[in-house]
Amino acid sequence: METISRDELFKMLTSEYGYSKKSAYAILDYGTRKPRYSVMVDLHQRGIIPFTAWLDIKSYLNDNASNTETSRTNESKNLPKAEKC
C-alpha cells in the first residue's frame, strides 16, 4: 500500500468522492462516520487505504505520518555533503 497523508485523503474524499468538508472532517478527525462501502473498497483496490484501516482511521493516518516523516529524515541524512567552493 502506498502512504497517504491526512490532507491528501481529505482532498480525495471531497474532490473525487463528493463528500462535503464537514463530512470529510467527521470521517478523518472524529471517526464518527465511515465513508460509503464502495469508497472503502475502491481505496483498498487502488492500494491507497487498506480496508481494515477504516476501523481506526485516525491511528492509521497518524502511524502513516510518523513512518513518512521518519523515512524523509533518514533520506536527508544519506545525502552527500555539499563541497566548499
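Before any of the text, the structure's been laid out above.
Calculation notes
- Residues numbered from 1 in each chain as written.
- Predicted model: local features only at pLDDT ≥ 70, side-chain atom pairs only at ≥ 80, totals over all residues.
- Heavy atoms only, no water.
- Phe/Tyr/Trp six-rings, centres within 6.5 Å; stacked < 30°, edge-to-face > 60°.
- Helix = DSSP H or I, 4+ residues; strand = E, 2+ residues; numbered from the N terminus.
- Buried < 20%, exposed > 50% of the residue type's maximum accessible area, 1.4 Å probe, protein only.
- Core = buried A, V, L, I, M, F, W, Y, C linked by side-chain atoms within 4.5 Å.
- Contact = heavy atoms within 4.5 Å.

(A) Local environment of the packing of aromatic side chains. Inspection of every chain in the model, using the stated rule, returns 2 aromatic pairs. Judged by centre distance (5.8 Å) and plane angle (75 degrees), the ring pair of tyrosine 37 and phenylalanine 51 falls under edge-to-face. Taken together, the residues span a long stretch of sequence, with tyrosine 37 in helix 3 (residues 37–45) and phenylalanine 51 in the loop between helix 3 and helix 4 (57–77) at a distance of 14 residues. Residue class for tyrosine 37 comes out exposed when judged on its relative accessible area of 56%. By relative accessible area, phenylalanine 51 is classed as partly exposed at 33%.

(B) Seen up close, the nonpolar core. One finds Leu9, Leu13, Leu28, Leu43, Ile49, Trp54 and Ile57 to be the most contacted residues of the largest nonpolar core, which totals 20 residues. Going through the elements one at a time, helix 1 (6–15), helix 2 (21–30), helix 3 and helix 4 are the ones with two or more residues in this core. In terms of residue count, helix 1 provides more of this core than any other element does, 4 residues in total. Ignoring anything within four residues of it in the chain, the contact list for leucine 28 reads Arg6, Leu9, Phe10, Leu13, Ile57, Lys58 and Leu61.

By themselves these figures say nothing about function.
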